[in-house]
There are 2 protein chains.
Amino acid sequence: MSTRTMNPVHDATCSVAACAEIIGAKWTALLVHDLSEGARRFSELEHSCRGISPRTLSERLRWLESEGLVVRTSYPEAPPRVEYELTVKGEGLLPIIGEMRRFGHEFLGCCGSI
Amino acid sequence: MSTRTMNPVHDATCSVAACAEIIGAKWTALLVHDLSEGARRFSELEHSCRGISPRTLSERLRWLESEGLVVRTSYPEAPPRVEYELTVKGEGLLPIIGEMRRFGHEFLGCCGSI
DNA sequence: CAGTATCCTCAAAGATACTG
DNA sequence: CAGTATCTTTGAGGATACTG
């Protein structure tokens, strides 16, 4: 937000604006939506967010992690396995996603949309 | 969204994604939030969205109008008066804004935020 | 697999000036 | 007042190649 920036939002004065900076970043809503069903690996997220580049996915996940909305767990195996999961704080975003889905569903007119 | 584009979203296949395209556009959430309290004039919105340029405000309002989320009413007076108001469809966004505020409020930690 | 490192594009949106 | 017309910037995010 050019202000549509990925900087921490703790300086925002309006809670709606602060939230918009989070949820408004491309892919974030989708990512949180995916994570709502449980822990996911990098490659799983890469597939469910068709079109996202690893660069962007990585950035977004690190940012969510830095905000305390997601935890990253790395398992010392070969091949490496890393899982991302919502924190309790991150789960606080789910009602928003829920409302977004409800609205989007109406908005699209139920034309076979997810 | 460069998909983060302001094109109509009727081609989106996911309702969450479709909604993200609307609510994710800069200023939109704030605008809808302002309009939730009643009709507003261009200059009123310009003031409540501190920092928005007339160019952007105009574009955003026209876009919301084209999506059927806002109605524009022009009163043939001098000086000109124009009011913007949420449609019923546009009011469907309010629960999302409400949840955003709730989350943002928690997230910011109640430090005097709106 | 799970990312980084680079480079690059494109469009959102800011600044400014002007008009019906 | 309620915008439009231009011009410009900037940075999000895509593409691609590479690595521990």
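Below is a short write-up of the structure. Remember, predicted model here, so these are calculated numbers, not experimental data.

Digging into the state of the cysteines
What the rule picks out here adds up to 0 disulfides over all chains. Free cysteine: Cys14(A), not disulfide-bonded; nearest cysteine sulfur from Cys49(B) at 9.6 Å. For Cys14(A), a relative accessible area of 13% corresponds to the buried category. With no disulfide of its own, Cys19(B) lies 9.8 Å from the sulfur of Cys14(B), the closest cysteine sulfur. Classification of Cys19(B) by relative accessible area gives buried; the value is 0%.

A few points about the relation of the copies chain B and chain A
Taken as rigid bodies, chain B and chain A are interconverted by a rotation of 180° and an axial shift of 0.0 Å, the fit giving an RMSD of 0.1 Å. The transformation relating the two chain copies, once decomposed into turn and shift, fits a two-fold axis. For chain B, the minimum C-alpha distance to the rotation axis belongs to Gly24(B) and amounts to 1.9 Å. Mapped onto chain A, 98% of the interface residues of chain B are again interface residues, and the two copies thus contact each other with one and the same surface.

Description of the interface of chain B and chain A
With 42 residues of chain B at the interface, the matching set in chain A holds 41 residues. Each partner contributes to the roughly 3,300 Å² buried at the junction of chain B and chain A, and carbon and sulfur atoms together form 76% of this total. For the chain B face of the interface with chain A, the top three residues by lost area are Val16(B), Phe103(B) and Phe107(B), together amounting to 21%. Here chain B and chain A share 2 residue pairs in polar contact (both at pLDDT 80 or more) between them. Of all the elements in the fold, those that place two or more residues in the side of chain B that touches chain A are α1 (15-23), α2 (28-35) and α6 (94-108) of chain B. Counting residues per element, the side of chain B that touches chain A draws most heavily on α6(B), at 12 residues. Of the residues contributing to the side of chain B that touches chain A, the split by class is 24 nonpolar, 11 polar and 7 charged.

Some thoughts on the protein's contact with DNA strand D
In the vicinity of DNA strand D there are 23 residues, among which Lys26(A), Arg60(A), Ser58(B), Arg72(B) and Tyr84(B) approach most closely. Across the atoms of DNA strand D situated within 4 Å of the protein, the share located in sugar and phosphate is 70%. A distance of 2.3 Å separates a phosphate oxygen of DNA strand D from a polar atom in the side chain of Ser58(B). Take Arg72(B): an N or O atom from its side chain is 2.3 Å from a phosphate oxygen of DNA strand D. When residues of the surface near DNA strand D are traced back to their parent elements, those giving at least two are α4 (54-66) of chain A together with α3 (42-48), α4 (54-66) and β3 (81-86) of chain B. At 4 residues, the largest contribution of residues to the surface near DNA strand D is made by α4(B). Considered class by class, the residues forming the surface near DNA strand D number 8 nonpolar, 5 polar and 10 charged.

Topic: the packing of helix α2 (residues 28-35) of chain A against helix α6 (residues 94-108) of chain A
All names here are of chain A. With their axes 10 Å apart at the nearest point, α2 and α6 run at an angle of 110° to one another. Compared by their axis directions, α2 and α6 come out roughly perpendicular. Residue-level contacts link Ala29, Val32 and His33 of α2 to Leu94, Ile97, Met100 and Arg101 of α6. Here the contact of α2 with α6 is composed, by residue class, of 5 nonpolar, 1 polar and 1 charged.

What counts, and at which threshold
Residues numbered from 1 in each chain as written. Chains lettered and ligands numbered in written order. Predicted model: local features only at pLDDT ≥ 70, side-chain atom pairs only at ≥ 80, totals over all residues. Heavy atoms only, no water. Disulfide = S-S within 2.5 Å. Buried < 20%, exposed > 50% of the residue type's maximum accessible area, 1.4 Å probe, protein only. Least-squares fit on C-alpha atoms with pLDDT ≥ 70 in both. Contact = heavy atoms within 4.5 Å. Buried area = accessible area lost by both parts, 1.4 Å probe. Polar contact = N/O pair within 3.5 Å; in protein donor to acceptor, adjacent residues only side chain to side chain. Helix = DSSP H or I, 4+ residues; strand = E, 2+ residues; numbered from the N terminus. Nonpolar A, V, L, I, M, F, W, Y, C, P; charged D, E, K, R; others polar. Near = heavy atom within 4 Å. Axes fitted to C-alpha atoms, helices over the stretch in contact; angles between N-to-C directions. Parallel < 35°, antiparallel > 145°, perpendicular 65-115°, else oblique.

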